[in-house]
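Spelled out, the chains give:
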Amino acid sequence: SSTCVQEDGYVCLGEPSACAAMCGNGFIDDGETCDDANQLDGDGCSSACHIEEAEPNNTVGAANAILALPSVRAGSIALAGDVDYFRLSLAVGQTLRFETSAADDCDDADAADTVISLFAQDGVTQVADDDDSGVGYCSTLQYVVPASGFYYASVKAWRVSQIIPAYQAWFVIL
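> Talk me through the environment of Asp122; I want residue IDs and the actual numbers.
Within the fold, Asp122 resides in the loop between strand S8 (114–119) and strand S9 (126–131). One polar contact links the side chain of Asp122 to the main-chain amide nitrogen of Val124, over a distance of 2.8 Å.

> If you had to explain the sheet that holds S9 to someone new, which residues and values would you point to?
Strand order in this open sheet of 5 strands is S4-S6-S11-S8-S9, and the pairing throughout is mixed. Edge strands, defined here as strands with exactly one partner in the open sheet, are strand S4 (64–66) and S9. Going from strand to strand, the sheet's axes swing by 20 degrees on average, the running direction of each strand aside. Relative to strand S11 (residues 149–157), S8 is paired through 6 bridges, and the arrangement is antiparallel. Its bridge partner being in S11, Thr114 is matched across the sheet by Ala157.

> Can you tell me about the sheet that holds strand S3 (residues 51–52), naming the residues and giving the values?
Strand order in this open sheet of 5 strands is S3-S5-S12-S7-S10, and the pairing throughout is mixed. For this open sheet the edge positions go to S3 and strand S10 (140–144), each flanked by a neighbour on one side alone. Here strand S7 (residues 95–102) runs beside S10; their pairing, made up of 5 bridges, is antiparallel. If you follow Glu99 over to S10, its bridge partner there is Thr140.

> Quick one: what's the story with unusual backbone geometry, residue by residue and with numbers?
Backbone torsion omega between Leu69 and Pro70 reads 5 degrees, so that peptide bond is classified as cis. Structurally, Pro70 is set in the loop between S4 and strand S5 (71–77). Phi angles above zero are rare outside glycine, and Asp132 is one such case at about 80 degrees. Mapped onto the elements, Asp132 comes out in the loop between S9 and S10. Take Asp132: its relative accessible area is 31%, and that puts it in the partly exposed class.

> Give a description of the packing of aromatic side chains that names residues and reports values.
For any pair of aromatic rings, geometry is given as the distance between the ring centres together with the angle between the planes. Per the stated rule, a full pass over the model turns up 4 aromatic pairs. Aromatic side chains Tyr85 and Phe119 sit 6.1 Å apart centroid to centroid with 45 degrees between the ring planes, which places their arrangement in the tilted category. Taken together, the positions of Tyr85 in strand S6 (residues 83–90) and Phe119 in strand S8 put the pair 34 residues apart, joining distant regions of the chain. We note that Tyr85, like Phe119, is buried. Pairwise contacts between aromatic rings join Phe86, Phe98 and Phe171 into one cluster. The side chain of Arg87 reaches across the aromatic face of Phe150, ending 4.6 Å from its centre.

What counts and how
- Residues numbered from 1 in each chain as written.
- Predicted model: local features only at pLDDT ≥ 70, side-chain atom pairs only at ≥ 80, totals over all residues.
- Heavy atoms only, no water.
- Helix = DSSP H or I, 4+ residues; strand = E, 2+ residues; numbered from the N terminus.
- Polar contact = N/O pair within 3.5 Å; in protein donor to acceptor, adjacent residues only side chain to side chain.
- Pairing = 2+ DSSP bridges.
- Axes fitted to C-alpha atoms, helices over the stretch in contact; angles between N-to-C directions.
- Buried < 20%, exposed > 50% of the residue type's maximum accessible area, 1.4 Å probe, protein only.
- Phe/Tyr/Trp six-rings, centres within 6.5 Å; stacked < 30°, edge-to-face > 60°.
- Lys NZ or Arg CZ within 6 Å of the ring centre and 35° of its normal.

If you want it as structure tokens, here you go:
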């Protein structure tokens, strides 16, 4: 409209105009975990403005650290049998919600059928897991933390041979 003033980091479209935050503008807006002023994948901040996983992270020892919650991580299961691990610090009594979503349709088992697990501080003892409780074939779990410390979350494909080109792992304290 004639009175619309476009602010830095926003794009205004249409008449009357609708202004919205824009990924790739260099500002971290609501729903973004990073914004590196471009929309390129593979540089640590995805084209959807989520922090990307860093490979290799297929063992507990190489887990990507999640420094603050809530957090959204962009990842992929690029090779058959790949497992992505993330390390997060949790406090006693917190309830963690861990879920996956996918750029490809979670309603299509061939596109994105994830299995997620949460491991105790030793990185070996599985304390929670889920397959398909999320949207479609994606996964979600909630876990009440019994002791403070580092926990490890993993994402893998349900079928060992499956490739998932892009997924998002969401970590939220309820």
